[in-house]
Amino acid sequence: MTCRVFVFRPEPGLSVTLETAKALELDVEGCPLFEVEPVEWGAPKADSYDGLLVGSSNVFRHGGTHLTRLTSLPVYAVGEATAEGAREKGYMVARTGTGGLQALLDNMKPGERHMLRLAGEAHVELQAPEGMTIDTRVVYRTEPLDIPDEMADIMRVGGVVLLHSGEAAKRLFEECERLEIDRSRLALAVLGPRIADLAGEGWHSIHIANQPRDAELLALAEQLCQTMTN
């Protein structure tokens, strides 16, 4: 029996992951679970801060012209995709995390810093280390989308689901409930521990990629497909 792989992420990441999966000869389907749209915001003066905290590349895709006022600030990025988005906009990346923004903060050296966080409307609250202050500006929001009925029918057979964000994990749980999809038939391959925590219970299994990169996630999906079809 063929193992289906399902990808749920917004564009442009969705197309990239689908193309890579097909190159690996995976039987893959995908759709976004939400769409991203910009939010009106005002950029503060760059010289009031020591750096930018960024937890998603959506900041650089949807932040608009205000981003150009902050390029003098070093970026502390949640992961490599976000760091690459920063570089494409002309920012210098000071540090790239591997386990979420909180883990990145926890590993920073002590010292007084005033950080500006650019985030989505739905964002996780952070605990600032001693001596650090964090101001937050919301630059984008997400609107939920439904899983098409045709894909829901395919999901009922089972397979492996790739999840790139906690927001996608929560939305997938809601959609499985609405569509009465048996989650015990679906194994999850996720980018990090926070996504696994937000995915809820009742899945066949949940597995975390060795590194928070798309290539690692697809390699994990390949392994899970071999296990589930044996």
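Scroll up a little and you will see the structure.
Q: Can you walk me through the sheet that holds strand β10 (residues 186-190) in this structure?
A: Spatially, β2-β1-β9-β10-β11 is the arrangement adopted by the five strands of the open sheet, whose pairing is parallel. Looking at which strands have only one partner, the edges of the open sheet turn out to be β2 (27-30) and β11 (205-208). With strand direction ignored, the average angle separating the axes of adjacent strands in the sheet is 25 degrees. Relative to β10, strand β9 (residues 159-163) runs parallel, the two being bridged by five bridges. For leucine 162, the partnering residue across the bridge sits in β10 and is alanine 189. Across the sheet, helix α1 (residues 13-23) touches β1 (4-8), β2 and β9, and the angle it forms with β2 is around 170 degrees. Along the sheet, helix α6 (residues 166-179) contacts β1, β9 and β10; its crossing angle with β9, the most-contacted strand, is approximately 140 degrees.

Q: Looking at this structure, how should I read the sheet that holds strand β7 (residues 113-120)?
A: Two orientations exist for strands paired in a sheet by backbone hydrogen bonds: parallel and antiparallel. Spatial strand order, β3-β8-β7-β4-β5-β6: six strands in an open sheet with mixed pairing. Whereas interior strands pair on both sides, the edge strands pair on one side only; in this sheet they are β3 (34-38) and β6 (93-96). Averaged over all neighbouring strand pairs, the angle between strand axes comes to 25 degrees, with direction disregarded. As defined by bridge partners, β3 adjoins strand β8 (residues 132-144) across five bridges and the pair is classed as antiparallel. The partner of valine 36 across the bridge, within β8, is threonine 142.

Q: Is there a simple way to think about the packing of aromatic side chains in this case?
A: In this description, a pair of aromatic rings is defined by centroid distance and the angle of the planes. The final tally for this structure, using the stated rule, is one aromatic pair. Pairing phenylalanine 60 with tyrosine 91 gives two aromatic rings, centres 5.5 Å apart and planes at 55 degrees, and the pair type is tilted. Of this pair, phenylalanine 60 sits in helix α2 (residues 58-62) while tyrosine 91 sits in the loop between α3 (80-88) and β6, and the two are 31 residues apart along the sequence. The pair phenylalanine 60 / tyrosine 91 is uniform in exposure class, with both members buried. Stacked on the ring of tryptophan 203, the Lys or Arg arginine 183 has its end atom at 5.7 Å from the ring centre.

Q: Explain α6 here, please?
A: It helps to recall that an α-helix has 3.6 residues per turn; residues three or four apart then point in one direction. Taking 1.5 Å of rise per residue, 14 residues should cover 20 Å, and α6 covers 20 Å from first to last C-alpha, within 8% of that figure. Restricting attention to buried positions, one finds in α6 the residues Gly166, Ala168, Ala169, Arg171, Leu172, Glu175, Cys176 and Leu179.

Q: How should α3 be read in this particular structure?
A: Looking only at α3, the buried set comprises Thr82, Ala83, Gly85 and Ala86. Each buried residue of α3 lies within a common arc of 160 degrees when the element is viewed along its axis, so the set occupies one face. More than 90 degrees from the buried face of α3, the exposed residues found are Ala81 and Glu88. Its buried side turned inward, α3 meets β4 (51-54), α2, β5 (75-77) and β6. The first or second residue beyond α3 is glycine 90, which carries a positive phi of 95 degrees.

Q: I tried to follow the pairing of β1 on my own but got confused; where do I start?
A: In regular strands, side chains alternate between the two faces of the sheet. Across the five residues of β1, four count as buried, placing the element largely inside the fold. One ladder, built from four bridges, connects β1 with β2; its direction is parallel. Of the residues in β2, the one forming a bridge with phenylalanine 6 is glutamate 29. A crossover connection joins β1 to the parallel β2 through α1; in handedness this β-α-β unit is right-handed. Here four bridges tie β1 to β9, and the two strands are oriented parallel to one another. What sits directly across from phenylalanine 8, in β9, is leucine 163.

Q: Just to check I follow, could you spell out the pattern of salt bridges for this structure?
A: Overall, the coordinates contain 13 salt bridges when judged by the stated rule. Note that arginine 141 and glutamate 37 form a salt bridge whose closest N and O atoms lie 3.3 Å from each other. Of the two residues, arginine 141 sits in strand β8 while glutamate 37 sits in strand β3, which places them 104 residues apart along the sequence. By relative accessible area, arginine 141 is classed as partly exposed at 24%. The partner of glutamate 175 in a salt bridge is arginine 178, and the shortest N-O contact between them spans 2.8 Å. Of the two residues, glutamate 175 and arginine 178 both sit in helix α6, three residues apart, roughly one turn of that helix.

Cut-off values and rules
- Residues numbered from 1 in each chain as written.
- Predicted model: local features only at pLDDT ≥ 70, side-chain atom pairs only at ≥ 80, totals over all residues.
- Heavy atoms only, no water.
- Pairing = 2+ DSSP bridges.
- Helix = DSSP H or I, 4+ residues; strand = E, 2+ residues; numbered from the N terminus.
- Axes fitted to C-alpha atoms, helices over the stretch in contact; angles between N-to-C directions.
- Contact = heavy atoms within 4.5 Å.
- Phe/Tyr/Trp six-rings, centres within 6.5 Å; stacked < 30°, edge-to-face > 60°.
- Buried < 20%, exposed > 50% of the residue type's maximum accessible area, 1.4 Å probe, protein only.
- Lys NZ or Arg CZ within 6 Å of the ring centre and 35° of its normal.
- Expected span 1.5 Å × (residues − 1).
- Arc of directions from axis to C-beta.
- Right-handed = clockwise from strand over helix to strand, strands pointing away.
- Salt bridge = Lys/Arg side-chain N within 4 Å of Asp/Glu carboxyl O.

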